[in-house]
Amino acid sequence: MNQSTAPAPGSNEQRAVESYFGELLEHLETLRGRLEGHLPALGEHPESEPLDELVQESIQQLRQRIRLPLSGAGFVAVEDYLADARWHMAWWQGPELARRLLVAMETAGDIYTRREWFSIPITEHRVHIAGPYVDFLCTDDFTLTFTAPVEIAGQVVGVVGFDLLVADFEEPMSRVLAQINPRATVINAHGKVLASASAQLACGARLVRGWEGENLHGHQLSHADGTQQRVDINVLTGLPLALVTPTSGH
């Protein structure tokens, strides 16, 4: 595909990008399903030790199935879900997901509720992709966090998810985008770049301002160097993301 051609909504090119993210979300749904299926056996308010064992076993199974390396994964409970802790984070880090992340519990509530990876799945009952952002809590690096609410008997008891370092995600995603267009780019709900076929578009840079989460044709971008460009913005089905490509003829 040449630079003057943009994929239409629902095209094979767009579906290739959706499939890439869809595979990641399928792994997330499998992880959520396993916890929702096994947590009730631990009781209405489980204790932290058996919950940790269940979560660690579940994320080790995930690590064996997923193709991209994970920098972290686990479960974060809502306030007072556990019998022996007001707040609890069962989250493991590192290439083998073998190092438990320890958070000072007296500050945990403030930490969690300020993070969109926790608050949005809890309040909106849906899967969320947070980032790219610098994860000062876990990795001190640019990160994407995929999270989903865990619900037992109609009540959200926490979120389950995993972290991908942008450095690990960006290269394979950029190769997919390069098959579409030399400037094809995926943006998040805030209009920031997740990945781009163009080396000139840095991850985390805001590409589109004032985007309302809808398909747009011929949307005008103003770049920092004073140049302008018209692009098509196509929402990726089932995802809080969009594919941005140059409008035909521009």
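Our structure is the block above this text.
Because the structure is a prediction, the values reported are computed rather than measured.

About the thresholds
- Residues numbered from 1 in each chain as written.
- Predicted model: local features only at pLDDT ≥ 70, side-chain atom pairs only at ≥ 80, totals over all residues.
- Heavy atoms only, no water.
- Helix = DSSP H or I, 4+ residues; strand = E, 2+ residues; numbered from the N terminus.
- Rg over C-alpha atoms; globule rule 2.2 N^0.38 Å.
- Buried < 20%, exposed > 50% of the residue type's maximum accessible area, 1.4 Å probe, protein only.
- Contact = heavy atoms within 4.5 Å.
- Axes fitted to C-alpha atoms, helices over the stretch in contact; angles between N-to-C directions.
- Parallel < 35°, antiparallel > 145°, perpendicular 65-115°, else oblique.
- Left-handed = near helix turned anticlockwise from the far one by under 90°.
- Expected span 1.5 Å × (residues − 1).
- Arc of directions from axis to C-beta.
- Salt bridge = Lys/Arg side-chain N within 4 Å of Asp/Glu carboxyl O.

Can you lay out the overall build of the protein for me, pointing to particular residues and giving the numbers?
Counting its regular elements, the protein contains five helices and eleven strands. Computed over C-alpha atoms, the radius of gyration of the protein comes to 19 Å, within 12% of the 18 Å expected from 2.2 N^0.38 for 250 residues, which places it in the range of a compact globule. Seen through its C-alpha atoms, the protein measures out along the principal axes to roughly 60 × 35 × 30 Å. Across the 250 residues in the protein, those meeting the buried criterion constitute 51%. Within the protein, contacts between residues separated by at least 24 positions form 53% of all contacts whose residues are at least 6 apart in sequence.

How would you summarise the packing of helix α1 (residues 12–38) against helix α2 (residues 48–65) if you had to cite specific residues and measurements?
Viewed as axis vectors pointing N to C, α1 and α2 meet at an angle of 155 degrees, and their least axial separation amounts to 10 Å. Our classification of the angle between α1 and α2 gives roughly antiparallel. Here the hand of the crossing between α1 and α2 comes out right-handed. Across from H27, T30, L31, R34, L35 and H38 in α1, the residues of α2 making contact are L54, V55, E57, S58, I59, Q61, L62 and R65.

Quick one: what's the story with α2, residue by residue and with numbers?
Taking 1.5 Å per residue, 18 residues should reach 26 Å; α2 reaches 26 Å between its end C-alpha atoms and fits that length. The complete set of buried residues in α2 reads S48, L51, D52, L54, V55, S58, I59 and L62. Looking down the long axis of α2, one finds its buried residues gathered within 165 degrees of arc, a one-sided arrangement. Residues E49 and Q64 are exposed on α2 and point more than 90 degrees away from its buried face. In this structure, the buried residues of α2 make contact with α1, β1 (72–77), β2 (89–93), β3 (99–100) and β6 (155–165).

Describe the pattern of salt bridges, listing the residues and the values that go with them.
Considering all chains together, one arrives at eight salt bridges under this definition. For E57, the salt bridge goes to R34, with nearest N and O atoms at 3.2 Å. One end of the pair, E57, is in helix α2; the other, R34, is in helix α1, with 23 residues separating them in the sequence. Classification of E57 by relative accessible area gives partly exposed; the value is 43%. The salt bridge partner of R175 is E171, with a shortest N-O separation of 3.3 Å. Placement of both R175 and E171 in helix α5 (residues 166–178) is noted, with a separation of four residues, approximately one turn of the helix. This pair shows no difference in class: R175 is exposed, exactly as E171 is.

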